[in-house]
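# Breakdown of the fold
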Amino acid sequence: MASRPSAETAVEGTSEKPAIPASSAEAVKAGDKKAVDGSQVQVSTVGRDGFYDPKQETVWTRLGLTAESFKRAPGTTGGQTDPMLQQQMKNRHLNMIAVGGSIGTGLFIGSGSALGDGGPLGILIAWIIMGVMLLNTCQAIGEMAIMYPVSGGFYTLISRFVDPSWGFAMGWNYWFQWAVTLPLELTAAAFTIQFWDTQGTVNIAVWITIFTVLIFILNVFGTWGFAEEEFWSSCLKLITIAIFLIASLVFVLGGGPKSGDYGSYWGARLWHDPGALANGFPGVCAVFVTAAFSFAGTELVGLAATEHPNPIKALPSAIKMTFWRITFVFVLSLMMVGFLVPYNDERLIGGSYDANTSPFVLVFRNANVSGLPDFINAVITVSVLSIGMSCVYGGSRTMLAMAEQGYAPKFFTYVDKAGRPLWALASVLVFFPLAYINIADVGTTVFDWLIAVSGLATIFTWLSINIAHIRFRMAWKAQGYSVDELPFRALGGIWGSVLGATILILVLIAQVYIAIWPLGGVSSSSERAESFFMAYLALPIVIAFYLVGLIWLRRKPKGLLEIDLVSGRKCHYSADELNEQRAKRKQWPLGKRIIHALFQ
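Just so it is clear, the structure is predicted and the values come from calculations on it, not from any experiment.

## What about helix α10 (residues 280-295)?
Over its 16 residues, α10 runs 23 Å from end to end, which matches the ideal 22 Å to within 8%, given 1.5 Å per residue. Counting buried positions along α10 gives twelve out of 16 residues, so the element sits mostly inside the fold. Restricting attention to buried positions, one finds in α10 the residues G283, V284, C285, A286, V287, F288, V289, T290, A291, A292, S294 and F295.

In structure tokens:
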């Protein structure tokens, strides 16, 4: 067995902070205004250890509402282990990001075209398989992020455990994915307004501008603004799903208004006519990417862990909540959609962002229930804007982490006194004008290619996370550690990540099949080529980022015994201590143990 790193080299308690010059620390203690990083700072904002303490600022400065808040936070971001981002995430924020953070366009609207492609059985198969993959992926994120809650989350861990050049590619790919998705979500939100403005009296550009301003305002409040927006919007989305499930059950049993379609027993008739599968096996393959798109953003819970004061305690419950979202939110709601909306409904054709194609809206329209279609559309608007906020948050934090590691220009490490990475935020927000492209005559074509850019990016990210976890577990064993020393162990262990990676590889193969032989066929070889490159445009982009990383970094992947398992590590409990805690939990009453296993 390989020798383990000395315990003396491990970072005890919390993350190791970079040393500061003794003269600076002494000056701080003496009451001088000498700065930790060379600039002038007030002693009142510097803690006993000589580091900037944002809690000493006024409430208005911490919220980002004063001119002072835009000044650079004194000190250094400290790289991976001591980011200046303020840890304003609370347990309720992480839980809601895990449960409802990615509920948006993919589920509410994208499920309509997916139903048309795959049928009721096809969408269940695709979403369940992708749900199994996602459950294992989130468990892998949880295991690594709890042990190493470093700035950049999974991207930094990919760089550490797999390959720096591939981590470089995944970081830039993830940032680019969110940057391109932002204008898509802004346009989607504007399209949802056309549900009410059927005559087009207000130009779509007006709504794009209004929603852009709203996202800018919310980002003024930094992490707190994102966390609160995610919490309340997720609450709204979950309440809406609950209303939909209850109403759908009533409709299936024939309890709907007599004036609608569901005034008598409905049951599973649509599984017989028009049928359970729309296009057979190819139809199921076509649904996988839509299912993946609907789950996109789930990995943000690992990224947000660095902005929680105690991720070791909070992250396990957030990770476990993923299972319940997959089960109740996605699988049950889509099962009801398959019962109540026929896959050959002409309103599903087109797959546009228009809420009129949402099966959730169509259910209430078919039932002739007034008011609820408008409510569902309002929730869709909020959901799309929520994903827009996630774009800004995920992209900016990734850019900040890359700059801290030297993978991006250093000026992106600028973090102000409100905990906002201003230049990193700007790197994503600067893409919002692309939303106006869809107004032009050629806008639809350009927009299709923008969607193609972000199409498979999430799948490459998830695949890399699973590979990183496999490498982490192999290095953990090779360096003499025991799984008993892990405070949170992935449900499926290393084999769960193997299963997750296998599913994702099969999805990529299925996408090749659909790209070459799309549903409905193609009329020429040029159309076939265009279909393939549009479906797989993310691949050459990832390869290009990887080649740049190879040239820029010139670093080779490390062997299992060379992988750093010490720096950035926040949990240093021994196996005996953790096993003692587990033994105590076994003595709990059965009900308490079940609640802990499922939710805590």
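Text resumes after the structure shown.
## Re the packing of helix α6 (residues 154-161) against helix α7 (residues 164-193)
α7 packs onto α6 with a crossing angle of 160° between their chain directions and a minimal axis gap of 6 Å. Between α6 and α7, the angle is such that the two are roughly antiparallel. The two elements α6 and α7 meet at a crossing, and its hand is right-handed. Where α6 approaches α7, its residues F154, Y155, I158 and S159 are matched on the opposing element by P164, W166, G167, F168, M170, G171 and Y174.

## Structural notes on the environment of L463
The residue L463 is located in helix α17 (residues 457-478) in this model. Residues L463 and T502, 39 residues apart in the sequence, show an inter-C-alpha distance of 8.6 Å. Not counting the four nearest positions on each side in its chain, L463 is found in contact with A501, L504, I505 and L508.

## Points about the environment of I459
On the secondary structure map, I459 appears in helix α17. Residues I459 and A292, 167 residues apart in the sequence, show an inter-C-alpha distance of 7.2 Å. Residues in contact with I459, not counting those within four places in the same chain, are A292, L504, V507 and L508.

## Remarks on the pattern of salt bridges
Scanning the entire structure with this criterion turns up four salt bridges. Residue D484 pairs with R489 through a salt bridge whose shortest N-O separation is 3.1 Å. Assessed through its relative accessible area of 24%, D484 is described here as partly exposed.

## Topic: the environment of E404
Among the secondary structure elements, E404 is positioned in helix α14 (residues 372-405). Here E404 falls in the buried class, since its relative accessible area comes to 11%. With ten residues separating them in the primary sequence, E404 and Y414 have C-alpha atoms 9.9 Å apart.

## So, the packing of α17 against helix α18 (residues 493-516)
Running from amino to carboxyl end, α17 crosses α18 at an angle of 150°, the nearest separation of the two axes being 9 Å. Taken as axis vectors, α17 and α18 run roughly antiparallel relative to one another. Where α17 crosses over α18, the handedness of that crossing is left-handed. Of α18, the residues touching α17 (which contributes I459, F460, W462, L463, N466, H469, I470, R473 and M474) are G493, I494, G496, S497, V498, G500, A501, L504, I505, V507 and L508.

## Describing the nonpolar core
Within the largest apolar cluster, 144 residues are counted, with the highest numbers of intra-cluster contacts made by W127, M130, F161, W462 and L565. It is α7 that contributes the most residues to this core, 17 residues altogether. Each residue touching F161, except ones within four places of it in the same chain, is listed here: M144, Y148, A468, R471, F472, I563, D564 and L565.

## Describing unusual backbone geometry
Cis geometry marks the peptide bond from D273 to P274, where omega comes out at 20°. Here P274 is to be found in the loop between α9 (222-252) and α10.

## Looking at a nonpolar patch on the surface
The grouping of L539, I543, L547, L550 and I551 at the surface amounts to a nonpolar patch, some 430 Å² of accessible area in total. The topology assignment puts L547 in helix α20 (residues 538-553). L547 gets classed as partly exposed once you look at its relative accessible area, which sits at 46%.

Quick notes on the rules
- Residues numbered from 1 in each chain as written.
- Predicted model: local features only at pLDDT ≥ 70, side-chain atom pairs only at ≥ 80, totals over all residues.
- Heavy atoms only, no water.
- Helix = DSSP H or I, 4+ residues; strand = E, 2+ residues; numbered from the N terminus.
- Expected span 1.5 Å × (residues − 1).
- Buried < 20%, exposed > 50% of the residue type's maximum accessible area, 1.4 Å probe, protein only.
- Axes fitted to C-alpha atoms, helices over the stretch in contact; angles between N-to-C directions.
- Parallel < 35°, antiparallel > 145°, perpendicular 65-115°, else oblique.
- Left-handed = near helix turned anticlockwise from the far one by under 90°.
- Contact = heavy atoms within 4.5 Å.
- Salt bridge = Lys/Arg side-chain N within 4 Å of Asp/Glu carboxyl O.
- Core = buried A, V, L, I, M, F, W, Y, C linked by side-chain atoms within 4.5 Å.
- Patch = residues over 30% accessible without salt bridge, like charges linked within 9 Å, V, L, I, M, F, W, Y side chains within 5 Å.
- Areas by Shrake-Rupley, 256 points an atom, 1.4 Å probe, with all protein chains shown as cover.

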